Amino acid sequence: MRAGKIASLCLVLIVSAVGTALSFSASTVGWLAAMPPMLRLCLLFGVLGLVCAALLLPVGVALDRTVTKLRSYIEATGAAEGQTATFYGPKWVGPISGALIGAVEQFRQREQTLRNELREVEIRRRVSEAEQRQTEAVLHALRDGVLVTNAFNDIVVVNEAAGRIFGFDHTQALHQPLEQLVDDDRLCQLIKDTSETANFAHRRHVEHDITPDSSETGEGGKEKRIFDVTLVCVENHKHEVAGVVTILHDVTREREISQMKSDFVSKASHELRTPLSSIHAYVEMLVDGEAADDEARNEFYRIIQNETDRLGRLLDNMLNISRIEAGIVQIERENVDLRSLIDRAIDTLEPQAKEKEISLHTKVAEVDLTVEGDADMLFQVVLNLISNSVKYTPAGGRITVSADSDNLTRSVVLAVSDTGLGIPPDSIPKLFDKFYRVENYKRVAKGSGLGLSLCKHIVETLHHGQIGVESELGMGSKFWVTIPMRYAGSQAAA
Ligand code: ADP
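Predicted, not measured: the structure shown is a model, and the values here were computed from it.

Bringing the nonpolar core into the picture now. By size, the foremost hydrophobic cluster in this structure holds 54 residues, and its most contacted members are Ile342, Leu385, Ile386, Leu431, Phe479 and Val481. Here the element with the most residues in this core is helix 12 (residues 375–391); it accounts for nine residues. For this core, the domains that each give at least three residues are domain 3 (258–325) and domain 4 (331–484). Membership of the second largest hydrophobic core comes to 22 residues, among which are Ile155, Ile165, Leu178 and Ile191.

This is the structure in structure tokens:
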């Protein structure tokens, strides 16, 4: 730098000396004096130009170096965050470089701030994306259908369940008009009404029947479902209607259960009332002295006793069924020989059969008929089936109890066949339902309609067997039961 300055200074001095010498000697040197004034002026300006160039040269060199240093300074400070660099340069460029460095520093800080903001925005974007994915996962995992429409009744959010209910592909549903996808005029109207009311504080609940698209449900036929529909009108930041959130909760099963409960209560109270009214009537007659003699009185006592027994059996059956259904029955598992159960049941029912002139036969194979189970409960099954045959077989009929083992299924098969009334075909599917009785046979024999239901529970729920019936109206019936020979203890029912 210093060499440049000295060189420039020397050049200035030489040129100035030559110029001055030429100027002073102009009057003495003949050829210069002889020069036209114009040429002499040009020569003077040329000399002056050279002097100026010599003076500006170091300035240019210094500026060039300053700019180079500034560039490397900026590059150095921008290379890594928080890095500082020291700028050295000629003193006279100090103010310029100071201003430039200040501007660069400001720019660098601004750039840093923007970088930080960008990083924050990026983090926030990722967090919100993750949250959105979580919300979508929750939304699609819901069994309730969720449908959100905007103020123009276009679908803006929809989950899989809603797609299933209305039979559309939820991935293709966004921004589609509601009516185009939901083929349910009443529901569309409900959503529109909710939007028009603009009542943001109110949650509307409506019970609504929907028949889902069979192709979507994968079920054979269209089955009506009952939904509890919740409609909420939502507002935007300007307190205007932003749209409507519709949630569809399937309450079909709940309604069925509550219907079953109320049916059970009404049937149970009806069945209980019959023996109770009978007991009440006979007690009243006894109190009023309407029994003329001891024989009549004894007859009344016998009826009361029978009705009381019936009442007790009814309550036992109801209790047993509900305990098995609730899964709280502990059964005593032991080796049970079905042959002995059949003999005991026949001994018990022989008098009743004889009374009706019904012949009882057994056809028990000479094989091992041992099953693992609860002897008392299995006895109830055998007794109930033979007792029903006695009840629903007219006088002179025939009942055959057969038992054999089926090595293929490793089970013992028991069957009770009669030549009785038979069962109407439309009653067969309902025969094992609680309280079901064939209407026309109610006058034939007393009963509660709980016996077969209890048998089914004992056989299928507690012993993992099967129970069924084959019957032809007027030709008799055959009730059959299969019980596994050896029951795997690990599958024991609660
Ligand atoms: P119940 O106490 O009325 O006999 P069950 O549950 O044992 O109750 O039987 C239900 C109904 O099934 C009976 O009411 C009767 O209508 C019909 N049923 C049962 N067994 C026979 C049978 N062997 N022959 C004809 N009908 C039968």
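From this point, things continue past the structure.
A cluster of acidic residues, Asp337, Asp343, Asp347 and Asp368, forms a negative patch at the surface. Examined against the element boundaries, Asp347 turns out to sit in helix 11 (residues 338–355).

Counted residue by residue, strand 12 (residues 476–484) has seven buried out of nine residues, so it is predominantly covered. In this sheet, strand 12 lies alongside strand 10 (residues 411–418) in antiparallel orientation, the contact comprising seven bridges. Paired with Val416 across the strands is Phe479, a residue of strand 12. Both strand 11 (residues 466–472) and strand 12 contribute to a ladder of seven bridges, which runs antiparallel. Residue Val469 lies in a different strand from strand 12, and its bridge partner there is Phe479.

Sheet strands pair via backbone hydrogen bonds, and the direction of the pair is either parallel or antiparallel. With antiparallel pairing, five strands are arranged side by side in an open sheet as 2-1-5-4-3. Both outer strands of the open sheet, strand 2 (155–158) and strand 3 (203–210), are each paired with one neighbouring strand and no more. Along the sheet, successive strands turn relative to each other by an average axial angle of 20 degrees, direction set aside. As paired strands, strand 1 (residues 145–150) and strand 5 (residues 241–250) are joined by six bridges and run antiparallel to one another.

What follows concerns the packing of helix 10 (residues 294–326) against helix 13 (residues 451–463). Look at helix 10 against helix 13: their axes get within 10 Å of each other, and the N-to-C directions meet at 30 degrees. Taken together, the axes of helix 10 and helix 13 lie roughly parallel to each other. Crossing of helix 10 against helix 13: the hand is left-handed. Two secondary-structure elements touch here, helix 10 through Asn317, Asn320, Ile321, Ile324 and Glu325 and helix 13 through Ser453, Leu454, His457, Ile458, Thr461 and Leu462. Classifying every residue of the contact of helix 10 with helix 13 gives five nonpolar, five polar and one charged.

Around the ligand sit 21 residues in total, of which Asn388, Asp418, Val438, Ser448 and Leu452 are the nearest. Between the ligand and Asn384 there is a distance of 3.5 Å, counted from an oxygen atom to a side-chain nitrogen or oxygen. Contact with the protein chains covers 98% of the free accessible surface of the ligand, which is 530 Å². Mapped onto the shell around the ligand, the elements with two or more residues apiece are helix 12, helix 13 and strand 12. Here the element with the most residues in the shell around the ligand is helix 12; it accounts for four residues. Looking at side-chain class alone, the shell around the ligand contains nine nonpolar, nine polar and three charged residues.

To continue, consider helix 7 (residues 185–197). The terminal C-alpha atoms of helix 7 lie 18 Å apart, and with 13 residues this matches the ideal 18 Å at 1.5 Å per residue to within 8%. The inward-facing, buried residues of helix 7 contact strand 1, helix 5 (160–166), helix 6 (178–181), strand 3, strand 4 (225–235) and strand 5. Once helix 7 finishes, Ala198 follows within two positions and takes phi at roughly 55 degrees, a positive value.

Turning our attention to the pattern of salt bridges. Per the counting criterion, the structure on display carries 18 salt bridges. Across the salt bridge formed by Glu111 and Arg115, the nearest N and O atoms sit 2.7 Å from each other. Of this pair, Glu111 and Arg115 both sit in helix 4 (residues 94–141), four residues apart, roughly one helical turn. Here Glu111 falls in the partly exposed class, since its relative accessible area comes to 29%. Assessed through its relative accessible area of 46%, Arg115 is described here as partly exposed.

Moving on to the packing of aromatic side chains. Applying the stated rule across the entire model yields five aromatic pairs. Ring geometry for Phe166 versus Phe168: centroids 6.4 Å apart, planes at 5 degrees, classification stacked. Accessibility assignment for this pair places Phe166 and Phe168 in one class, buried. Pairing Tyr282 with Phe300 gives two aromatic rings, centres 5.1 Å apart and planes at 70 degrees, and the pair type is edge-to-face. A residue pair is termed long-range when its members are at least 10 positions apart, and Tyr282 in helix 9 (residues 252–287) and Phe300 in helix 10 qualify at 18 residues.

Taken in spatial order, the five strands line up as 7-9-10-12-11 in an open sheet, and their pairing is mixed. Of all strands in the sheet, those bounded by a partner on one side alone are strand 7 (359–364) and strand 11. Neighbouring strand axes in the sheet, compared pairwise and without regard to direction, differ in orientation by 15 degrees on average. Running at roughly 20 degrees to strand 10, helix 12 makes contact with strand 7, strand 9 (398–406), strand 10 and strand 12 of the sheet.

Moving on to helix 11. The end-to-end C-alpha distance of helix 11 is 26 Å, a good match for the 26 Å that 18 residues give at a rise of 1.5 Å each. Within helix 11, the axis deviates most sharply at Leu349, by approximately 45 degrees, and proline Pro351 lies no more than four positions further along. When helix 11 is considered as a whole, its buried residues turn out to be Leu338, Leu341, Ile342, Ala345, Ile346, Leu349 and Ala353. The inward-facing, buried residues of helix 11 abut strand 6 (334–337), strand 7, strand 8 (370–373), helix 12, strand 9 and strand 10.

Quick notes on the rules
Residues numbered from 1 in each chain as written. Predicted model: local features only at pLDDT ≥ 70, side-chain atom pairs only at ≥ 80, totals over all residues. Heavy atoms only, no water. Core = buried A, V, L, I, M, F, W, Y, C linked by side-chain atoms within 4.5 Å. Buried < 20%, exposed > 50% of the residue type's maximum accessible area, 1.4 Å probe, protein only. Helix = DSSP H or I, 4+ residues; strand = E, 2+ residues; numbered from the N terminus. Domains from an automatic or database assignment. Patch = residues over 30% accessible without salt bridge, like charges linked within 9 Å, V, L, I, M, F, W, Y side chains within 5 Å. Areas by Shrake-Rupley, 256 points an atom, 1.4 Å probe, with all protein chains shown as cover. Salt bridge = Lys/Arg side-chain N within 4 Å of Asp/Glu carboxyl O. Lys, Arg positive; Asp, Glu negative; His and termini not counted. Charge placed at Lys NZ, Arg CZ, Asp CG, Glu CD. Pairing = 2+ DSSP bridges. Axes fitted to C-alpha atoms, helices over the stretch in contact; angles between N-to-C directions. Parallel < 35°, antiparallel > 145°, perpendicular 65-115°, else oblique. Left-handed = near helix turned anticlockwise from the far one by under 90°. Contact = heavy atoms within 4.5 Å. Nonpolar A, V, L, I, M, F, W, Y, C, P; charged D, E, K, R; others polar. Near = heavy atom within 4 Å. Polar contact = N/O pair within 3.5 Å; in protein donor to acceptor, adjacent residues only side chain to side chain. Expected span 1.5 Å × (residues − 1). Phe/Tyr/Trp six-rings, centres within 6.5 Å; stacked < 30°, edge-to-face > 60°. Bend = angle between axes of the 7 residues up to and from the residue.

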